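Understanding the architecture of this molecule
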Amino acid sequence: MTNVLLVAGSRPTRPTVLVDALTKLRDGGATVTLACDFDPSGLEIPADLAETRNIGEDGRSGGLVFRQLVRGAARPVQVWMRASHDPWVRRHARSAEILVALDNNAVHAVWQLAQRNRRADAVFGLTPALKALDDRRARPEPAKRSALPSAPSPAVLAGDAARRASAAARLAGMAATGRRAMTVSPVRSMWRVAAAAPGIPAGRRAALALRLQGSMIKAGKPGAAMAMAERVVPKVTDARARAALLGPAVDRDLAAGRVPPTLRDVVKGELARAEALHTGSHPGQAPPVVGRALDLLFHRVLHYDRLSSPLSDDPAGFLAPLHDSAVGRRLAAANGRETPAEAPVGRPPRLLFLTGLNDNFLTPIRERYDAMPDVETRHLDMSPGTPVRSFLNNGRAKLIAHRLMGQSKYGQEAQQLFGPDMEWADTVFVDWCAVPAGLLSLIDPGTTRVVVRLHSFEAFTWWPHLVDFSRVDDMVFVSEHLRDLAVAAVPRLTGPGAPRLHVLTNAMDLRRYPAEKTPDARFTLGLVGIGAIAKDPRWALEVLRELRRADERYNLVLVGKEPSPDASAAAKEYCTAFERDLAELEGLGAVRRLGQRDDIPKVLTEVGVILSTSVRESFHCALVEGAASGAVPVVRDWPFFAGRAHSARTVFPDEWVVGTPAEAAQRILALTATDEAWRAAGQAAADHALATYDWDVVAPTYDPIFKP
């Protein structure tokens, strides 16, 4: 026989369901005792089905102090306190092999009893009790406690859900929902069921679920916390509570290199929480919450460490939680300028150059205008240790606070820092739409024209969303497809008060690249710049495999710093596969890694075919430099933009662009079939590159920006 102890903290509303279950337990070979925190006589349970008892009925339930403590406790705790002082309950609990909580008011008592009888199964509900009995009959050896009790009986839940649910919510501050309780598998499982039970008021359900989640995480059971949250969230309507419950799962997915399916819910909830804080009594707590939402939307795993991006796939849809939120509208608010920009009269134009990341793409532009006698120039130094660089520290949080409030001490400090140079300049050129652009837009530029250039990197970050574009006169992009993406992601770039949009090719001095190729260059592919996952060097290896099936003379050189596996789990996954592919081809002598090199023109003399294998590029200077050297260009139709109005096919001649590694191999085999064909194709590519992209050709297109 199997000893079963049932504990009822509340009178069942449907006793017939209980009697039916007791009959099945008896027929299954169980000896059943039922401890009730009420008079069980009204249940009319036959004596042959169960021995029943009203807890504490013999009067030995403690003295006056104890009774006062019981009256002051929550209902579930009352049940346990009375049961713990009842010798009958303690005796049957010690001999029980299955402990059953019939309702939420009994959960705490059963948990406490289970702590004292570790060999007993602890379950919640009659259906799990029947299953536990069947399991014990299937394994007559000494049993361990069941790990995952089943859900409570739907019949019991339907009749008594609202009352039991309210009682469950009141347990949020009790020991049964604390860290220690969550170390016990049956208790975690019972609460996972209870938190999702029907009839719980929305606010109480959310509070209970959050309490349980925190306790499970503290107990070192994050998987259980996430399983509970996933079960409860469909019944939680408050966006902030949903975000809090789903947040750990989103963080787990990102840490594992995956795109979280509930990312949108969490971002919406965090932005709603930020708005509540901002409009409530804690506005100073809002900026970090906004920062959390932005960090999730623009997490590197989503856009940098994988070969696709939800922002590129659907910019408007992906960023809708930001644009549609009250916080998003505050960040996008236009402060405008009091006076329009004015061109200088009677003196040379004054240009101020400002950059915040690096000046790799700015040097030829600065040198051009520095050399002009009819132009005055300045460069705002942002190197480490300068006042500007110090001002940038922790700039995002302060910038968010200013954008939410519309004014701040930080804005006044920005005026003091940038003001003198802004008053001097007629035009300020901000390279990279990053923190300097956002900080500069904190202040009214007066009559100074503000020009900002946005590169590919920033389009996948939160920086453009913190810039007041009503204070920017002109936006410069290096390609049409990048402009299209930026406009889709930041709708403020179009419409009334928006800046003028320009597409101007990168400044590149290509005259130093043409040189005589080495004899073996014809069969050598080159990929310059492989440091980002977006460069997708594995695609180049696939092209090489296709070529070597036809001719084993083809080989590949990789130039530049390699992608880091330490950036994220997604990056590690890619790098692991990349190294595996490399090991195979390096063993055949088909691939050489040259690492970082400063002598690219010399390296390119050994390269006969230059590759662009990226999933996204704004322009790809390295490809153009290779073409200028006389290497045959082969450009992957960058997947982020392929098939759209503007793409790699509108940046480069269509014959340069291919869709697959097989197509790339076909183009290479055709153009390198003979030495004459290869040299002719390389010369044609060099002629096009020099005539189209060289700085001598492109430079005049910048004059309308700098010398209006």
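The notes below deal with the structure included here. Here the structure is a predicted model, which means the values were calculated and not measured.

Turning to the sheet that holds strand 5 (residues 121-124), a few remarks are in order. One open sheet holds the five strands; their spatial order is 3-2-1-4-5, and the pairing between them is parallel. In the strand order of this sheet, the two ends are held by strand 3 (51-54) and strand 5, each with one partner. Ignoring which end each strand starts from, the neighbouring axes of this sheet average 20° apart. As judged from the four bridges shared by strand 4 (residues 98-101) and strand 5, these two strands associate in the parallel manner. Its bridge partner being in strand 5, I98 is matched across the sheet by D121.

This part is about the packing of aromatic side chains. With the rule as written, the count across this model stands at 19 aromatic pairs. Plain terms: the ring middles of Y304 and F460 are 6.4 Å apart, the flat faces sit at 75° to each other, and that makes the pair edge-to-face. With Y304 in the loop between helix 14 (300-303) and helix 15 (310-313) and F460 in the loop between helix 24 (456-459) and strand 10 (474-477), this pair connects stretches of sequence that are 156 residues apart. Given a relative accessible area of 14%, Y304 falls into the buried group.

Now for helix 5 (residues 107-116). In terms of burial, helix 5 is a largely internal element, nine of the ten residues being buried. All buried positions along helix 5 are accounted for by V107, H108, A109, V110, W111, Q112, L113, A114 and Q115. Where helix 5 is buried, its residues touch strand 1 (2-8), helix 3 (75-84), helix 4 (87-95), strand 4, strand 5 and helix 8 (185-195).

Glancing now at the nonpolar core. Judged by nonpolar contacts, the single largest core of 156 residues is most densely connected at W191, F418, L510 and F652. Top contributing element to this core by residue count: helix 13 (residues 286-297), with seven residues. The next biggest cluster of nonpolar side chains, apart from the first, holds 33 residues, and it includes I533, L556, A590 and W678.

All right, on to the pairing of strand 12 (residues 524-528) then. For a regular strand, side chains alternate in direction, first toward one face of the sheet and then toward the other. Of all five residues in strand 12, five are buried, a share of seventy percent or more. Burial along strand 12 is two-sided: T524, G526 and V528 and L525 and L527, pointing in opposite directions, are all buried. Examined bridge by bridge, strand 12 and strand 13 (residues 555-559) share five bridges and lie parallel to one another. Bridge pairing in strand 13 links V528 to V559. Between strand 12 and its parallel partner strand 13, the chain crosses via helix 26 (residues 537-550), and the hand of that crossover is right-handed. Relative to strand 15 (residues 609-612), strand 12 runs parallel, the two being bridged by two bridges. Residue G526 lies in a different strand from strand 15, and its bridge partner there is I610.

So, about the side chain of T33. For T33, the location among the structural elements is in strand 2 (residues 30-36). When near neighbours in sequence (up to four residues on either side) are disregarded, T33 contacts V4, L5, L6, E51, W88 and H92.

This part is about the sheet that holds strand 14 (residues 591-595). In spatial order, the strands read 14-13-12-15-16-17; together these six strands make up an open sheet with parallel pairing. For this open sheet the edge positions go to strand 14 and strand 17 (657-658), each flanked by a neighbour on one side alone. As paired elements, strand 15 and strand 16 (residues 632-636) share four bridges and run parallel to each other. Considered in strand 16, the bridge of L611 is made with V634.

Even without glycine at this site, E44 takes up a positive phi of about 55°. Residue placement: E44 occurs in the loop between strand 2 and strand 3. Although it is not a glycine, W432 adopts a positive phi angle of roughly 80°. Among the structural elements, W432 can be located in the loop between strand 8 (427-431) and helix 23 (435-440). Owing to a relative accessible area of 7%, W432 belongs among the buried residues under this scheme.

What counts as what
Residues numbered from 1 in each chain as written. Predicted model: local features only at pLDDT ≥ 70, side-chain atom pairs only at ≥ 80, totals over all residues. Heavy atoms only, no water. Pairing = 2+ DSSP bridges. Helix = DSSP H or I, 4+ residues; strand = E, 2+ residues; numbered from the N terminus. Axes fitted to C-alpha atoms, helices over the stretch in contact; angles between N-to-C directions. Phe/Tyr/Trp six-rings, centres within 6.5 Å; stacked < 30°, edge-to-face > 60°. Buried < 20%, exposed > 50% of the residue type's maximum accessible area, 1.4 Å probe, protein only. Contact = heavy atoms within 4.5 Å. Core = buried A, V, L, I, M, F, W, Y, C linked by side-chain atoms within 4.5 Å. Right-handed = clockwise from strand over helix to strand, strands pointing away.

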